[in-house]
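This is what each chain is made of:
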Amino acid sequence: MEIGAHFIIYDMESIRVLISRLEIDIESLLHNANFALREEDAVKLAIDEIKRKLEVFMDTIEKLGRQADMCSRDIRKARTMILQRMMRRSGTSTTGDSPWEL
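Criteria and cut-off values
- Residues numbered from 1 in each chain as written.
- Predicted model: local features only at pLDDT ≥ 70, side-chain atom pairs only at ≥ 80, totals over all residues.
- Heavy atoms only, no water.
- Helix = DSSP H or I, 4+ residues; strand = E, 2+ residues; numbered from the N terminus.
- Buried < 20%, exposed > 50% of the residue type's maximum accessible area, 1.4 Å probe, protein only.
- Contact = heavy atoms within 4.5 Å.
- Salt bridge = Lys/Arg side-chain N within 4 Å of Asp/Glu carboxyl O.
- Expected span 1.5 Å × (residues − 1).
- Patch = residues over 30% accessible without salt bridge, like charges linked within 9 Å, V, L, I, M, F, W, Y side chains within 5 Å.
- Areas by Shrake-Rupley, 256 points an atom, 1.4 Å probe, with all protein chains shown as cover.

A. Representation of the overall build of the protein chain in the model. From N to C terminus, the protein chain includes 2 helices and 0 strands. Across the 102 residues in the protein chain, those meeting the buried criterion constitute 19%. Counting contacts in the protein chain only where the partners sit at least 6 residues apart, residues at least 24 apart contribute 61% of the total.

Laid out in structure tokens, this is it:
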């Protein structure tokens with residue numbers, strides 16, 4: 001069960017990193033939009049930069065979705081494994097106190 005916990009911790013850390021990257025990307029997009037509003041001559045440059053960063057942003061969103069799916073699958077697998085262990089051991093309880101001993 002420790003291995004499953006390590007996988008979940010790793011998955012959650014990956015999601016945290018992706019979300020941090022999204023926060024940075026959003027701040028950068030907002031900075032570029034504010035710059036474009038202040039400097040009319042630089043609007044085209046800012047729009048090009050926003051488009052480029054939007055592509056990176058969308059890529060990060062896709063990665064986050066895939067990572068969340070993997071994490072969800074890992075959690076379901078771990079839950080199934082725990083339930084199977086509980087069911088197997090419920091018939092072989094040594095103390096007889098609880099059918100859910102691990």
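B. Representation of the pattern of salt bridges in the model. Overall, the coordinates contain 4 salt bridges when judged by the stated rule. Between Arg 16 and Glu 13 there is a salt bridge, with the nearest N and O atoms lying 2.6 Å from each other. Taken as a pair, Arg 16 and Glu 13 lie in helix 1 (residues 2–38) at a separation of 3 residues, close to a single helical turn. Of the residues examined, Arg 16 reaches a relative accessible area of 46% and is grouped as partly exposed. Between Glu 49 and Lys 53 there is a salt bridge; the shortest N-O distance is 3.8 Å.

C. Molecular detail of helix 2 (residues 43–90). Here helix 2 spans 68 Å end to end across 48 residues, near enough to the 70 Å set by a 1.5 Å rise per residue. If you check which residues of helix 2 are buried, you get Ala 46, Phe 57, Thr 60, Leu 64, Gln 67, Cys 71, Ala 78 and Met 86.

D. Highlighting a nonpolar patch on the surface. Where nonpolar side chains cluster on the molecular surface, the patch consists of Leu 54, Met 58 and Ile 61 and spans about 240 Å² of accessible area. Relative to the helices and strands, Ile 61 is located in helix 2. The class of Ile 61 is partly exposed, set by a relative accessible area of 35%.

Nothing here speaks to function; it is all geometry.
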